[in-house]
Amino acid sequence: MRHNTARYLPVIAALAIAGLAGCKKTPSNSAGADSHGQGDGNPITKATSTIGMSQCNLGEPWRVQMNDDIRRAAAVHPELKVIFKDAQNDTLKQRSHIEEFISAGVDLIIISPKEAQPLTEPVAKAMQAGIPVIVLDRRVTGDNYTCFIGADNRLIGREAGKWIVNTLGGKGNVVELKGLMTSTPGQDRHSGFREAIKDSQINIIFEADMKWLEPDARKEMESALSRFDQIDLVYAHNDPGAHGAWLAANAAGRAEKIRFVGIDALPHEGVLYVKQGILDATFQYPTGGAEAIDAALKVLRGESVPKEITLGSRVFTKENVDNGGEPIG
Ligand code: FRU
């Protein structure tokens, strides 16, 4: 459905007269009106709004899923145009994305940042330029953004810890394969987990930063296997990490004796691994793609959005996987 521009001419004219229009280039909008953060809760005052989406990488299925979720949610709103950029796991490239979006004068930015600290400043610059920014999944530092959307990683880490304590009867040797520790989900999945196991007799015999990457997790697990004869369980901060660890253990003929726990629970990845008996549990980490488009539409219409949108999560085990898992928290 396209908007009838004539209907909004008075609004456009009023904005122009007030000197609010044309503060930056909006190539897709011939009238030049700007609807960020203003308006009256009505339809967007432009025929087309452009959203710049900066994805930190597309190497993992979870991120491909996030982009698909965004694409699908945006497709039913012909007034939205989304420009996708892939930073290929390069922080500097992702910083330039934001600068490019600012100079192109996009109407809103969605970013799923690789790392917190280095992406904080470009996000602040976009905000300063009057471009609302929705931060998805991994956080930036401070609160200079429009809205953050993501699941509670500390809670997920804590629930994973509780599940592990119960499953191991309160004691055992555990390997922790951490996600990139300069990204907030890695930090929170670690601290939540440690909090939950602190009064148990679980020993973390080996820990390593596998940077969210399956090949790195596999290599780290090879070292763990060569150093320790008794490993009861691997807690990996994502399913690619848990799968990489399983591949190493399987190649060493030890997978049967070790339990594997991951996070993400994509239907065709972690949930499938649980069904196949590769993983013992996976905790869902929703992408937030659809929610980001919902929030973007509200911002573009001048409606208010919460500063934080926290998504729920579920745990999948062999007992509950055929019934769609169970909610946590
Ligand atoms: C993909 C990913 C997911 C993980 C998320 C954390 O890049 O590593 O597996 O849950 O990022 O930000």
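All of the points below concern the structure found in this document. (Residues numbered from 1 in each chain as written. Predicted model: local features only at pLDDT ≥ 70, side-chain atom pairs only at ≥ 80, totals over all residues. Heavy atoms only, no water.)

## Considerations on the sheet that holds strand β2 (residues 80-86)
Counted only if it meets this: Note: two strands are recorded as paired if DSSP finds a minimum of 2 bridges between them. Helical segments are the DSSP runs of H or I of at least four residues, strand segments are the runs of E of at least two, and each set is numbered from the N terminus. With axes taken as lines fitted to C-alpha atoms, and helix axes fitted only over the stretch in contact, angles between N-to-C directions fall between 0 and 180 degrees. Note on definitions: a residue-residue contact is assigned when non-hydrogen atoms from the two residues lie within 4.5 Å.
Ordered in space as β2-β1-β3-β4-β5-β11, the 6 strands form an open sheet in which the pairing is parallel. Edge positions in the open sheet fall to β2 and β11 (308-311), since each of these has one partner strand only. Put simply, the sheet's adjacent strands are angled 15 degrees from each other on average, direction ignored. Lying over the sheet, helix α3 (residues 91-104) contacts β1 (49-55), β2 and β3 (108-112), oriented at roughly 170 degrees with respect to β1.

## Thoughts on the site of the ligand
For clarity, the threshold we go by: Nearness here has a simple test: a residue counts as near a molecule or strand if at least one of its heavy atoms is within 4 Å of that partner. Pairs of N or O atoms within 3.5 Å make up the polar contacts considered here, provided that, within protein, one atom can donate a hydrogen while the other can accept it, and that residues adjacent in sequence are counted only when both atoms are side-chain atoms. Per-residue and other accessible areas were derived by the Shrake-Rupley procedure at a 1.4 Å probe size, with only the shown protein chains allowed to occlude residues. All residues other than Ala, Val, Leu, Ile, Met, Phe, Trp, Tyr, Cys, Pro, Asp, Glu, Lys and Arg, Gly among them, are scored as polar; the first ten of these are nonpolar and the last four charged.
Every residue lining the ligand is accounted for by N57, E60, W62, R63, D137, R138, P185, R189, W212, N238, D264 and Y285. With respect to the ligand, the side chain of D264 contributes an N or O atom lying 2.5 Å from an oxygen atom. Coverage of the ligand by the protein amounts to 100% of the 310 Å² it exposes when considered alone. At the level of secondary structure, the elements contributing two or more residues to the shell around the ligand comprise α2 (61-75) and α6 (184-197). For the shell around the ligand, the per-class residue count stands at 4 nonpolar, 2 polar and 6 charged.

## Points about empty space enclosed by the protein
If a probe the size of a water molecule is rolled over the atoms, the empty space left behind becomes visible. This is how it is decided: The method works on a 1 Å grid over the protein atoms by themselves. A cavity is a set of points holding a 1.4 Å probe that cannot get out, a pocket is an open set with protein on both sides within 12 Å along at least five of seven lines, and residues with an atom within 4 Å of a point line them. Grid points are joined across faces, edges and corners, and a volume is the space filled by probe spheres set on the points.
Scanning the model with the defined rule gives 2 cavities of 30 Å³ or more in all. Roughly 110 Å³ of internal volume is contained in the largest cavity. What lines the largest cavity is simply E60, W62, R63, D137, R138, P185, R189, W212, N238, P240, D264 and Y285. Only α2 and α6 provide two or more residues apiece to the lining of the largest cavity. Its residues assigned to classes, the lining of the largest cavity shows 5 nonpolar, 1 polar and 6 charged.

## Things to note about the sheet that holds strand β7 (residues 201-209)
Across the sheet, 7 strands lie side by side as β7-β6-β8-β9-β10-β12-β13; this open sheet has mixed pairing. Sheet topology places β7 and β13 (326-327) at the edges, where each strand pairs with a single neighbour. Note: strand β12 (residues 314-317) against β13, 2 bridges, orientation antiparallel. Pairing of V315 across the sheet is with E326, part of β13. Packing of helix α7 (residues 214-227) onto the sheet brings it into contact with β6 (171-178), β7, β8 (233-236) and β9 (259-264), and relative to β7 it is tilted by some 135 degrees. Where helix α8 (residues 239-251) meets the sheet, its contacts fall on β6, β8, β9 and β10 (281-284), and the angle it forms with β9 comes to roughly 155 degrees.

## Digging into the pattern of salt bridges
Basically, it comes down to this: Counted as salt bridges are all cases of a side-chain nitrogen of Lys or Arg within 4 Å of a carboxyl oxygen of Asp or Glu. For the exposure calls, accessible area comes from a 1.4 Å probe over protein chains only, and a residue counts as buried if that area is under 20% of its type's maximum, exposed if over 50%, partly exposed in between.
Per the counting criterion, the structure on display carries 16 salt bridges. For K85, the salt bridge identified is with E100, shortest N-O distance 2.8 Å. Here the residue K85 occupies a position in strand β2, and E100 occupies one in helix α3, the gap between them amounting to 15 residues. Here K85 falls in the partly exposed class, since its relative accessible area comes to 24%. The shortest N-O distance in the salt bridge between R218 and E222 comes to 3.7 Å. Residue R218 and its partner E222 are located together in helix α7, separated by 4 residues, close to a single helical turn.

## Looking at the side chain of E176
Turning to its location among the elements, E176 is positioned in strand β6. Looking at E176, the relative accessible area reads 0%, which means it is buried. At 2.8 Å, the side chain of E176 forms a polar contact with the side chain of R194. Setting aside residues no more than four positions away along its own chain, E176 makes contact with H190, F193, R194, I204, F206, E207, A208, Y235 and H237.

Remember that the coordinates give geometry; whether it matters functionally is a separate question.
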